[in-house]
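Residues per chain are reported as follows:
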Amino acid sequence: MELTRLRGFRDLIGADARAMSLVEGRARALFERYSIKEIRIPVLERLQLYLRSTGETSDIVEKQMYMFTDRDEGETVVALRPEGTPGVVRAYIEAGLDRTEPEQRLFYSGPMFRRERPQKGRYRQFYQFGVEVFGRPDAACDAELLIMIDELCRDLKIPFTTEINSIGDQKCRPAFREALLQWGREHWDQLCDDCHNRIDRNPLRLLDCKIDAKLAASAPNPLDYLCDECRAHFDRVKELLIAANVQYAVNPRMVRGLDYYTRTAFEVMAGGLGAQSTVVAGGRYDGLVEAMSGAAVAGIGFAIGVDRIALALEAAGVLPAVTPDAAIISMGPAATRHAVVVARDLRAANLNVEMLSPERKMKTLLARASKIGARFAVIIGDDELARGVVQLRDLKQSTQREVVAAEAASAIADARGH
Ligand code: HAM
């Protein structure tokens, strides 16, 4: 086939799509219980938005953006969104909420686009379910989000671990940055090319060095450089997590790949995913709204990698299969007229029903009913029609009995309950 999908882009069919919807459905229900409201934002934005927020020294902006020049008069350079935070911050400021109602709890979901090297769990179009909270500089908010993520992962029954860190704020970060720069220069020969390129622009990313994790372990520790306020904030977050019985580990090497973070940063890793194991990531970004010409409002948020959680669910084998309760088999035009009514009544009784083609042979249809995993075949011919009954064939136990058509739903529901 010539017109195949692009590299890194996926078609999700059946169970794979369902796993994604399941994650999204659970996240939505949970977020609503935490009083978080939905926001929908565009997929296409000005490139400038991401340069200003995600940051020019982030990998995303440096090499992963899908962008093009639009055909409007001003030839605006636009980009497919690589993440949701910048669009949400822009929408928040554009709606004037930073001044009128600064305290907001918002969630969003949808596709994001990054031109990364594809591998398992890393795609060029992937789905995020994210939360952004504005106007809450307090540590209780950091803890509440981490408690919510913990609840989601437990609810989904995936094995997971949570790591947190604090990378300080505008006040204490410069000293840490300076210490890292000095360390980087002292270890120049041992650092990778990426590190050489970003040492001056974003020395924090040295801690992220993928090539020499052992060397990075000897680098200065951000927690040693926190000012009193940042330390107190981080201590309070940990105290609240302990109070809520949330398991976590402090990882002082975790710096996150985006430029806007301050203070608390966190990542959740799931088992069974190989290299791309981070399923949720986020942190605080207290200076971002102001840096994007809004009011001085605190911000914190995270995004769930829906594709990765779906993979984790499949790996953990915790996805319940959805199979029909009944396959309807009708023989002849009159019986089929009755069968559509029987099918409708069964569905009204909340049963999952598939009507099979009336134009095939009985043997083929029974084979099809088994193939789709139907528990029962409901067979209706002219004789059954005349007598107001159906043949109920239990495909699991290979038994068959006749029931009054109006009682088929309760007979099937009873068997399902057992
Ligand atoms: P991020 O760490 O870039 O953060 O992405 C969040 C999550 O999205 C990752 O942990 C991962 O699960 C998933 N993800 C990222 N890239 C890919 C990919 N190529 N394929 C599959 N999944 C991927 C952000 O995007 C921030 N906006 C999170 C945030 C919100 N921070 C504050 N508020």
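For the structure, check the block above.
So, how was this worked out
The residue count restarts for each chain, going from 1 along the sequence in the order it is written. Local features in this predicted model are restricted to residues of pLDDT 70 or higher, and side-chain atom pairs are both shown and tallied only at a pLDDT of 80 or more, whereas totals for entire chains, interfaces and linings draw on every residue. Computation of side-chain values covers all heavy atoms of the structure but excludes hydrogens and water. When a carboxyl oxygen of Asp or Glu lies within 4 Å of a side-chain nitrogen of Lys or Arg, that pair is called a salt bridge. Counting from the N terminus, the helices are DSSP H or I runs at least four residues long and the strands are E runs at least two residues long. Classification of residues uses two cut-offs on accessible area relative to the type maximum, computed with a 1.4 Å probe and protein chains only: under 20% is buried, over 50% is exposed, and between them is partly exposed. Think of the arc as the fan of directions from the helix axis to the C-beta atoms. Any pair of residues with heavy atoms lying within 4.5 Å of one another is described as a contacting pair. One bridge is not enough; two strands pair if DSSP finds at least two bridges between them. For helices, the fitted axis covers only the stretch in contact; all axes are lines through C-alpha atoms, and the angles between them, taken along N-to-C directions, range from 0 to 180 degrees. These descriptions rest on fixed angle ranges, namely under 35 degrees for roughly parallel, over 145 for roughly antiparallel, 65 to 115 for roughly perpendicular, and the rest for oblique. By definition, any crossing whose near helix is turned counterclockwise from its far helix by less than a right angle is left-handed, and any crossing with a clockwise turn is right-handed.

(A) Examining the pattern of salt bridges more closely. The final tally for this structure, using the stated rule, is 28 salt bridges. Ionic pairing is found between Arg375 and Asp394, a salt bridge with its closest N-O pair at 2.8 Å. Taken together, the residues span a long stretch of sequence, with Arg375 in the loop between α14 (362-371) and β14 (376-380) and Asp394 in strand β15 (residues 389-394) at a distance of 19 residues. Given a relative accessible area of 7%, Asp394 falls into the buried group. Bridged by salt links that share partners, the residues Arg28, Glu38 and Arg40 form one connected network.

(B) Region of the structure containing α14. Among the residues of α14, Leu365, Leu366 and Ala369 are the ones counted as buried. The buried residues of α14 all sit within an arc of 100° when viewed along its axis, so they share a single face. Opposite the buried face of α14, at more than 90 degrees from it, the exposed residues are Lys363 and Lys371. Considering only its buried residues, α14 is in contact with β12 (326-330), β14 and β15. Where α14 ends, the next residue or the one after it, Gly373, has phi of about 80°, a positive value.

(C) Structural view of unusual backbone geometry. Located in the positive-phi region is Asn245, a residue other than glycine, with phi close to 65°. Relative to the elements of secondary structure, Asn245 occurs in the loop between α10 (228-243) and β8 (249-250). One non-glycine residue with positive phi stands out, namely Ser293, at about 70°. Looking at the element boundaries, Ser293 is found in the loop between α11 (288-291) and β11 (299-305). Overall, the relative accessible area of 52% leaves Ser293 in the exposed class.

(D) Region of the structure containing the sheet that holds strand β16 (residues 399-404). Ordered by their spatial adjacency, five strands build an open sheet running β13-β12-β14-β15-β16, and the pairing between neighbours is mixed. Of all the strands in the sheet, the pair left with one neighbour each is β13 (353-355) and β16. Across the sheet, the axes of successive neighbouring strands diverge by a mean angle of 25°, strand direction being ignored. Sheet topology places β12 next to β13; three bridges connect them, and they run parallel. Within the sheet, the bridge partner assigned to Ala326 lies in β13 and is Val353. Where helix α13 (residues 333-348) meets the sheet, its contacts fall on β12, β13 and β14, and the angle it forms with β13 comes to roughly 165°.

(E) Local environment of the packing of helix α6 (residues 139-156) against α10. For the pair α6 and α10, the least separation of the axes is 8 Å and the interaxial angle reads 40°. By the angle between their axes, α6 is oblique relative to α10. The hand of the α6/α10 crossing is right-handed. Residue-level contacts link Ala139, Ala140, Asp142, Ala143, Leu146 and Ile147 of α6 to His233, Arg236, Val237, Leu240 and Leu241 of α10.

(F) Representation of the sheet that holds strand β2 (residues 44-46). Strand order in the open sheet formed by three strands is β2-β4-β3, and the pairing between neighbours is antiparallel. Taken across any chain shown, the strands that pair with only one partner, and hence form the sheet edges, are β2 and β3 (67-69). Looking at each pair of strands side by side, their axes are set apart by 35° on average, direction ignored. Of the pairings in the sheet, the one linking β2 to strand β4 (residues 77-80) comprises three bridges and is antiparallel in character. Within the sheet, the bridge partner assigned to Glu45 lies in β4 and is Ala79. Those strands touched by helix α2 (residues 47-55) are β2, β3 and β4, and its axis lies near 75° from that of β2.

(G) Layout of the side chain of Gln104. Residue placement: Gln104 occurs in strand β5 (residues 104-113). Residue classification places Gln104 among the buried positions, given a relative accessible area of 14%. If we ignore the near neighbours within four places in the chain, the residues touching Gln104 are Tyr92, Leu97, Glu132, Val133 and Phe134.

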